[in-house]
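Close look at the chain arrangement
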Amino acid sequence: MVELEHMTTTAHRRLLALLGACLVFFPQPHVFSAGLRDEALVYREEGARWLESGKLDEALMAYQKAVALDPSYALAHFELGTVYEQRGRFEEAKRAYQQAMASNPDYVEAHITLARLYGRMGEVSNALGQWISLGIVTERLGRFDEAVQGYEEALALDPADVQTHTSLASLYERLGQ
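Residues numbered from 1 in each chain as written. Predicted model: local features only at pLDDT ≥ 70, side-chain atom pairs only at ≥ 80, totals over all residues. Heavy atoms only, no water.

**Some details on the overall build of the chain**
Secondary structure assignment for the chain yields nine helices and zero strands. In sequence order, the secondary structure elements of the chain are arranged as α-α-α-α-α-α-α-α-α. Counting the 177 residues in the chain, one finds 34% classified as buried. Of the contacts made within the chain by residues no fewer than 6 positions apart, 43% connect residues no fewer than 24 positions apart. Total accessible area on the chain is roughly 10,700 Å²; 57% of this is exposed by carbon and sulfur atoms. (Helix = DSSP H or I, 4+ residues; strand = E, 2+ residues; numbered from the N terminus. Buried < 20%, exposed > 50% of the residue type's maximum accessible area, 1.4 Å probe, protein only. Contact = heavy atoms within 4.5 Å. Areas by Shrake-Rupley, 256 points an atom, 1.4 Å probe, with all protein chains shown as cover.)

Here you go:
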């Protein structure tokens, strides 16, 4: 172990230079995260403009840059999923929506969109689970109309699901209906 008290000034400077070099080559995420988030915001906005104008390839590249810069950027993941879905790349869309929800578990639109995508892909059990998840999340958030929608969509897929019937009945009771 190096004892800093007995180091010469030259050795001390070399150690500090070495530590500085380590920070350059191995940056700590918390040191640079604000700048990366700002850059990710710019790419997300660029992607939205491309998407609005129907230029899906350009939108795709911009959203990919945004999520690469900030992997926790839920909106960028969601919009990336939208582009993938429009391109017919359903597996990638599914992963992007899942990442959006991993970054923000309360992202209601991502829950709805993923549930619909599962249905479109014929993944009925996943769609069922996602609709139930939507019901649970939106009920917790106090967004009761969406909670009812989630439970009713789940029951449309599996009318015999006792737990979903119970959750929906409990919600209706809570709402006084």
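**Some words on the environment of N104**
Mapped onto the elements, N104 comes out in the loop between helix 5 (90–103) and helix 6 (108–120). Overall, N104 belongs to the partly exposed group, its relative accessible area being 33%. Once the C-alpha coordinates of N104 and A74 are considered, the two residues, 30 residues apart in sequence, prove to be 6.1 Å apart.

**Things to note about the confidence of the model for the chain**
Here the chain averages 86 in pLDDT, and 81% of its residues register 70 or above. Mean pLDDT values for the elements of the chain range from 48 in helix 1 (residues 9–25) up to 98 in helix 5. Confidence drops under a pLDDT of 50 for residues 19–32, and excluding neighbours within four residues, the segment shows four contacts in the predicted structure. (pLDDT = per-residue confidence, 0-100.)

**Topic: the nonpolar core**
Ranked by internal contacts, the top residues of the largest apolar core, which has 32 residues, are L80 and W131. Residue assignment for this core shows that the elements contributing at least two residues are helix 3 (56–69), helix 4 (74–86), helix 5, helix 6 and helix 7 (124–140). For this core, the element with the highest residue contribution is helix 6, accounting for seven residues. Apart from residues no more than four positions distant in its own chain, W131 is found in contact with I112, A115, R116, Q149, G150, Y151, E153, A154 and L157. (Core = buried A, V, L, I, M, F, W, Y, C linked by side-chain atoms within 4.5 Å.)

**Concerning the packing of aromatic side chains**
Think of a pair of aromatic rings as described by two things: how far the centres are apart, and how the planes are tilted against each other in angle. Per the counting criterion, the structure on display carries two aromatic pairs. Between F78 and Y107, the ring centres sit 5.2 Å apart and the planes meet at 40°, which makes this aromatic pair tilted. Residue F78 is found in helix 4, and its partner Y107 is found in the loop between helix 5 and helix 6; the two are separated by 29 residues along the sequence. We note that F78, like Y107, is buried. The structure contains a cluster of three or more aromatic residues connected by ring pairs, namely F78, Y97 and Y107. (Phe/Tyr/Trp six-rings, centres within 6.5 Å; stacked < 30°, edge-to-face > 60°.)

**With respect to the packing of helix 8 (residues 144–157) against helix 9 (residues 162–175)**
Where helix 8 contacts helix 9, the two axes come as close as 10 Å, and the packing angle between them is 155°. One way to sum up the angle between helix 8 and helix 9 is to call them roughly antiparallel. The chirality of how helix 8 crosses helix 9 is left-handed. Residues F144, A147, V148, Y151, E152, A154 and L155 of helix 8 form the contact with helix 9, whose participating residues are T164, H165, S167, L168, L171, Y172, R174 and L175. Residue composition of the contact of helix 8 with helix 9, by class: ten nonpolar, three polar and two charged. (Axes fitted to C-alpha atoms, helices over the stretch in contact; angles between N-to-C directions. Parallel < 35°, antiparallel > 145°, perpendicular 65-115°, else oblique. Left-handed = near helix turned anticlockwise from the far one by under 90°. Nonpolar A, V, L, I, M, F, W, Y, C, P; charged D, E, K, R; others polar.)

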